[in-house]
Amino acid sequence: MRVLLVALAVVSVLTLPLEAQRNRREPRRPRLSSTADTNDVNAYLNHGARTVEDNATTAAEAYYWAMRLDPGNADALYGLRTARLMQRQSVFLRYMQGDERTVFSDEMQSNDSLYFKALQLDPFLHERHARTVLFNYYRKAIASGINQGEIDHYVNQRLDASPPSTRARMAAAQGQVVLADQLYSEAIGQARNPSYLYIERGRLNAISGRIDEAVFDFTSALERLSRDEEKKERQVIFYSSKALHEHSLGLLYARKGDAEKAREAFGRAMTEDLSFHPAHVELSRLALAAKDTVTALSEMALAVELAPADAFVHFLQGELLLQVGQAAEAMEPLKKAIDLEPYYAAPQFALAAALEKSGDTAAAKAAYEKFLAMAARRHPQRQAATTRLRAIGGGQ
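Since we're looking at a predicted model, the values are computed, not measured. (Residues numbered from 1 in each chain as written. Predicted model: local features only at pLDDT ≥ 70, side-chain atom pairs only at ≥ 80, totals over all residues. Heavy atoms only, no water.)

Quick word on the confidence of the model for the chain
Then step 1. The predicted model of the chain averages 90 in pLDDT, with 90% of residues at 70 or higher.
Then step 2. Across residues 1–17, where pLDDT falls below 50, the model places 56 contacts with residues more than four positions away in sequence or in other chains.
Then step 3. A low-confidence stretch, residues 233–239 stays under pLDDT 50, and its non-local contacts, those more than four residues away or across chains, total 18 contacts. (pLDDT = per-residue confidence, 0-100. Contact = heavy atoms within 4.5 Å.)

In structure tokens form, the structure reads like this:
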């Protein structure tokens with residue numbers, strides 16, 4: 001099923017900064033229900049998920065604003081990529097059919113960069129829209145006038161007769177973990193080059209909390225990818241970022257509490273791709289957990305240097321500086337995060353705390369008030385902001 005392979009496996013390495021995504025024509029905010037919290041990223045994520053199948057444009061608007069409210073949210077980036085892919089029927093059809101000019105066009109490369117960025121934020125992302133993309137393709141590709149139910153019945157029949165790798169992806173997208181695991185195992189046994197299947201099963205195992213099994217899968221995939229490089233084999237359809245996969249393995253070791261192996265994996269990720277900033281973020285976190293403040297700060301500084309237009313990374317640096325008692329130094333990266341993404345509430349709270357610790361009470365009050373105006377009603381730091389604002393004489 002060539003269509004499905006292209007839809008689910010082409011990953012662009014052109015990781016455009018989110019600033020470039022925002023510089024496109026800004027979509028309107030979709031109208032939510034009267035009870036929805038328009039400051040809540042989940043309100044937009046849920047709206048996008050509800051509308052993506054029938055109205056890709058509305059879904060794209062919802063996912064775009066989810067990304068603006070939280071640039072560190074992988075689901076927002078993945079959803080935006082999916083919705084934009086399905087927006088223009090002719091482009092969508094050519095992309096799904098594997099037309100190289102379309103797949104590697106600037107528009108699609110930019111769109112696929114959202115997917116790669118989402119995986120950088122969460123390598124174990126649940127790709128819940130895979131089935132929706134496939135069914136929408138067939139609905140658009142088959143002549144109009146045919147009942148949609150008949151088309152869906154046809155697609156389901158095709159899926160039932162498809163290879164286990166295809167059925168595994170569909171089962172995983174629907175959250176059918178046991179079935180997906182069985183089908184991935186069957187597919188791996190049949191594949192000439194199963195590296196990408198190990199990666200997909202590894203992600204499924206990670207999502208399901210089976211960390212040892214996920215470590216085995218990612219290790220197996222990387223061993224095979226390394227052998228392919230030695231043989232100078234070239235995969236045409238499946239792009240595998242070894243840096244991303246080593247990073248995934250590092251995260252798994254960190255979950256197991258094996259900091260040494262995690263550091264080794266993150267180090268290999270950076271060897272594969274010197275610009276891979278998420279590995280520096282994770283090395284910083286490991287160093288902080290080990291009370292090595294110097295290394296934690298230096299690794300985070302390297303991440304910022306490699307991702308200068310990423311508001312989320314600047315926020316992480318500011319938060320780290322604040323955490324280690326360097327409130328005055330934290331203000332610059334926090335202000336940069338706010339400048340890069342003015343709808344992002346989290347840096348406002350951290351900046352208010354930094355200002356308060358630095359003795360600038362008036363500016364701290366203003367920052368706390370701005371945070372409360374921007375933050376979702378359920379934001380975990382909302383109560384703390386209200387308490388601090390009252391403590392320093394604010395009006396909330």
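That covers the picture; the talk isn't over yet.
A word on the pattern of salt bridges
Between side chains of opposite charge, a pair can form as their charged atoms come close.
Then step 1. Scanning all chains against the criterion turns up 18 salt bridges.
Then step 2. Its salt-bridge partner being Asp112, residue Arg81 comes within 2.8 Å of it at the nearest N-O pair. Linking Arg81 in helix H5 (residues 74–87) with Asp112 in helix H8 (residues 106–121), this pair joins segments that are 31 residues apart in sequence.
Then step 3. Asp112 sits in the buried class, given a relative accessible area of 0%.
Then step 4. One salt bridge connects Arg210 with Asp181, and the closest N-O pair in it is separated by 3.8 Å. Residue Arg210 is located in the loop between helix H13 (195–207) and helix H14 (211–230), and its partner Asp181 is located in helix H12 (residues 177–190); the two are separated by 29 residues in the primary sequence.
Then step 5. Using a relative accessible area of 26% as the deciding quantity, one classes Arg210 as partly exposed. (Salt bridge = Lys/Arg side-chain N within 4 Å of Asp/Glu carboxyl O. Helix = DSSP H or I, 4+ residues; strand = E, 2+ residues; numbered from the N terminus. Buried < 20%, exposed > 50% of the residue type's maximum accessible area, 1.4 Å probe, protein only.)

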